Amino acid sequence: MNENEKKNLLIKSGSIVDPRNDREFTSDILIKGGIISEVKENIKVKGDNIIEIDAEGCKVSPGFVDMHVHLRDPGFEDRETIETGTLAAVKGGITTIACMANTMPVVDTQSLVKYILKKANNSACRVLPIAAMTRGLEGKNITEMGLLAEAGAVGFSDDGMCVRDSNIMYEIMRYSTQFNLPLILHEEDDFISGDGLVHEGYYSNMLGLDGISSLSDDLMIERDITLARKSGARIHITHLSTKDSVEMIKKAKEEGVKVTCDVTPHHLFFNDSYLTSFNTNFKVKPPIRSEEDRQALIAGIKDGVIDAIVSDHAPHLDTEKNTTFKLASFGTIGLETLFSAAFTKLCVEEKIKLQKLISLMTTAPSKIIGIDEGKIKVGEVADLTIIDTEREEEIKKENIISKSRNSVFLGQKLRGKIICTISKGKLAYIINNIKKKG
């Protein structure tokens, strides 16, 4: 433990954003021994055992919760590790991560759930495992969900793969109702997507790149909404990309189906016209789609259909991206830009209220995966992030601290700089030029 970790923390004059109570107010926050001790104006503390952080002019939010992250650990530690991924997370203001099961070996046993939890004990932020729905992500044999839940899994997902067999998917849903944990569904009919590379449309035809039809997502979403309606399961549709998917989920919610959903900043920010650069960082799944689809996703945020914003952080080696578009791997990193990209697009450009955005990144994902995060409350462990909403920064490869650098936002100027993150009660990240004492 370094000297800073032993010190108490005093955040001065920040504008506190409280998404649980839909309010914003100016206050100091005193943190003693990692616990929020006081939230009030003009806190006075004597002694040297304190770090004072000047947050005047900044927003103070509960730490963000990213419920869709690929940490690549175990098995692909050359791309990312729990240590490097959590360091990237706190730089982005994230204090809780839910990590996906498509590692090597796949997280489909109690021992692997426990491995992640143990390895994350001393990490920069909290890490919660999402376990596989089927063994080896093969879509055939259902995992022991009860044992995985007992070991600490907060949800189940074969993310990266879709369960093709409708009968198996129905049995998964029926089984999952015993545990009240969400099924986080990657919706892709790979008979349709096949060897496609990008969204099927004008730009795929113009560029000569094999397309992926929106039907690939929409057919599976329609199927799984039908199965959830019949089984009573809790399903969560992840990384939405199409206009029709928003409309289907809206209707399903109105009918009482237990369905929630999320979207990534890159699907909100870009459309398929950006593919003309042939930048392989834009090769993601589901693909970045048309402007009509992008606008529908933003409308889904405004209308309350979309419940959460996630990074779908997918680290890859330079060799996996620095190749032809056909051979490049799918995926972009996103932990460090999760808030700033969403804030720039939704709050700055679309004029969505900051409180709504913060709710989409704190209380809403917490509720979905069943954890008690997204609050600033006396007596609770301090998970906080301080944001300068006026500060703009160009995203550069040399400033990325994730082990992989394949960011779709490279070269973009984003507003909403994270200047400090307090995670698990400790000062986990702070920029060098912030005003502080101690």
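Things to note about the pattern of salt bridges
Here's step 1: For the structure on display, the rule yields 26 salt bridges.
Here's step 2: Between Arg-229 and Glu-255 there is a salt bridge, with its nearest N and O atoms 2.7 Å apart. Of this pair, Arg-229 sits in helix α8 (residues 215-231) while Glu-255 sits in the loop between α9 (243-254) and β13 (259-263), and the two are 26 residues apart along the sequence.
Here's step 3: The exposure class of Glu-255 is partly exposed, given its relative accessible area of 42%.
Here's step 4: In this structure, Glu-350 engages Lys-302 in a salt bridge whose closest nitrogen and oxygen atoms are separated by 2.9 Å. Highlighted residues: Glu-350 in the loop between α13 (338-349) and α14 (354-361) and Lys-302 in helix α11 (residues 291-302), separated in sequence by 48 residues.
Here's step 5: Residue Lys-302 is classed as partly exposed on the basis of its relative accessible area, which comes to 42%.
Here's step 6: When salt bridges with common partners are traced through the structure, they connect Arg-20, Asp-372, Lys-375 and Glu-380 into a single cluster.

Things to note about the sheet that holds strand β8 (residues 126-129)
Here's step 1: Here we have three strands laid out as an open sheet, ordered β6-β7-β8, and parallel in their pairing. A strand with exactly one partner marks an edge of an open sheet, and here the two such strands are β6 (64-69) and β8. Along the sheet, successive strands turn relative to each other by an average axial angle of 20°, direction set aside.
Here's step 2: Pairing of strand β7 (residues 94-99) with β8 involves four bridges; the strand directions are parallel. When the sheet's bridge partners are listed, Ile-97 is paired in β8 with Val-127.

Structural notes on the packing of aromatic side chains
Here's step 1: Within the structure shown, the criterion is met by 11 aromatic pairs.
Here's step 2: An angle of 80° between the planes, with centres 4.8 Å apart, marks the rings of Phe-270 and Tyr-274 as edge-to-face.
Here's step 3: Accessibility expressed as a relative area gives 1% for Phe-270, which makes it buried.
Here's step 4: With a relative accessible area of 32%, Tyr-274 lands in the partly exposed category.
Here's step 5: Relative to Phe-325, the ring of Phe-278 lies with its centre 6.5 Å away and its plane at 85°, an arrangement referred to as edge-to-face. Of this pair, Phe-278 sits in the loop between α10 (265-269) and α11 while Phe-325 sits in the loop between α12 (318-321) and α13; the two residues are 47 residues apart in sequence, bridging distant segments of the chain.

Concerning the domain arrangement of the protein
Here's step 1: Segmentation of the protein into domains returns domain 1 (2-60 + 380-387 + 415-437) and domain 2 (63-368).
Here's step 2: Tallying the contact residues gives 20 residues for domain 1 and 25 residues for domain 2.
Here's step 3: Of the roughly 1800 Å² buried between domain 1 and domain 2, counting both surfaces, carbon and sulfur atoms make up 62%.
Here's step 4: Broken down residue by residue, the surface that domain 1 buries against domain 2 is led by Pro-19, Arg-415 and Lys-424, which jointly contribute 32%.
Here's step 5: Linking domain 1 to domain 2 there are one salt bridge.
Here's step 6: Arg-126 is paired through a salt bridge with Asp-383; the nearest N and O atoms lie 3.2 Å apart.
Here's step 7: There are eight residue pairs in polar contact (both at pLDDT 80 or more) connecting domain 1 and domain 2.
Here's step 8: The greatest single-element share of the side of domain 1 that touches domain 2, amounting to six residues, is contributed by strand β16 (residues 413-423).
Here's step 9: By residue class, the composition of the side of domain 1 that touches domain 2 is eight nonpolar, four polar and eight charged.

Focus on the side chain of His-70
Here's step 1: Position of His-70 among the secondary structure elements: in the loop between β6 and α2 (82-91).
Here's step 2: Residue classification places His-70 among the buried residues on the basis of a relative accessible area of 6%.
Here's step 3: When residues no more than four places from it in sequence are discounted, the contact partners of His-70 are Met-100, Asn-102, Asp-159, Asp-312, His-313, Ala-314 and Pro-315.

Examining empty space enclosed by the protein
Here's step 1: Following the criterion strictly, the structure yields four cavities of 30 Å³ or more and no others.
Here's step 2: Roughly 270 Å³ of volume is contained in the largest cavity.
Here's step 3: The wall of the largest cavity is formed by 21 residues, among which Lys-91, Glu-336, Thr-337, Glu-393 and Ile-395 lie closest to the centre.
Here's step 4: Broken down by secondary-structure element, the contributors of at least two residues to the lining of the largest cavity are α13, β15 (384-394) and β16.

Concerning the packing of helix α5 (residues 166-176) against α8
Here's step 1: Orientation of α5 relative to α8, taken along the N-to-C sense of each, is 45°, at an axis distance of 9 Å. Put simply, α5 runs oblique to α8. Where α5 crosses over α8, the two elements pack in a sense that is right-handed. Of α8, the residues touching α5 (which contributes Ser-166, Met-169, Tyr-170, Met-173 and Arg-174) are Arg-223, Asp-224, Leu-227, Ala-228, Lys-230 and Ser-231.
Here's step 2: In terms of residue class, the contact of α5 with α8 is built from five nonpolar, two polar and four charged.

Some thoughts on the nonpolar core
Where a protein is soluble and globular, its nonpolar side chains tend to be buried together.
Here's step 1: Counting 98 residues, the largest nonpolar core has Leu-183, Ile-235, Ile-309 and Phe-339 as the members making the most contacts within it.
Here's step 2: Shared between two domains, this core takes at least three residues from each, and those domains are domain 1 (2-60 + 380-387 + 415-437) and domain 2 (63-368).

What about α8?
Here's step 1: A rise of 1.5 Å per residue sets the reference length of α8, with its 17 residues, at 24 Å; its end C-alpha atoms lie 24 Å apart and thus fit the reference within 8%.
Here's step 2: Of the surrounding elements, those touching the buried residues of α8 are α5, β9 (183-185), α6 (190-193), β11 (211-212), β12 (235-237) and α9.
Here's step 3: Just beyond α8, the residue with positive phi is Gly-232, at close to 80°.

Concerning the sheet that holds β13
Here's step 1: Pairing in this open sheet of four strands is parallel, and the strands run β9-β12-β13-β14 from one edge to the other. A single partner strand is all that each edge strand has here, and the edge strands are β9 and β14 (308-309).
Here's step 2: In this structure, β9 lies alongside β12, joined through three bridges in parallel fashion. Its bridge partner lying in β12, Leu-185 is registered against Ile-237.

The rules behind the values
- Residues numbered from 1 in each chain as written.
- Predicted model: local features only at pLDDT ≥ 70, side-chain atom pairs only at ≥ 80, totals over all residues.
- Heavy atoms only, no water.
- Salt bridge = Lys/Arg side-chain N within 4 Å of Asp/Glu carboxyl O.
- Helix = DSSP H or I, 4+ residues; strand = E, 2+ residues; numbered from the N terminus.
- Buried < 20%, exposed > 50% of the residue type's maximum accessible area, 1.4 Å probe, protein only.
- Pairing = 2+ DSSP bridges.
- Axes fitted to C-alpha atoms, helices over the stretch in contact; angles between N-to-C directions.
- Phe/Tyr/Trp six-rings, centres within 6.5 Å; stacked < 30°, edge-to-face > 60°.
- Domains from an automatic or database assignment.
- Contact = heavy atoms within 4.5 Å.
- Buried area = accessible area lost by both parts, 1.4 Å probe.
- Polar contact = N/O pair within 3.5 Å; in protein donor to acceptor, adjacent residues only side chain to side chain.
- Nonpolar A, V, L, I, M, F, W, Y, C, P; charged D, E, K, R; others polar.
- 1 Å grid on protein atoms, 1.4 Å probe; cavity = no way out; pocket = protein on both sides within 12 Å on 5 of 7 lines; lining within 4 Å.
- Points joined across faces, edges and corners; volume = space filled by probe spheres on them.
- Parallel < 35°, antiparallel > 145°, perpendicular 65-115°, else oblique.
- Left-handed = near helix turned anticlockwise from the far one by under 90°.
- Core = buried A, V, L, I, M, F, W, Y, C linked by side-chain atoms within 4.5 Å.
- Expected span 1.5 Å × (residues − 1).

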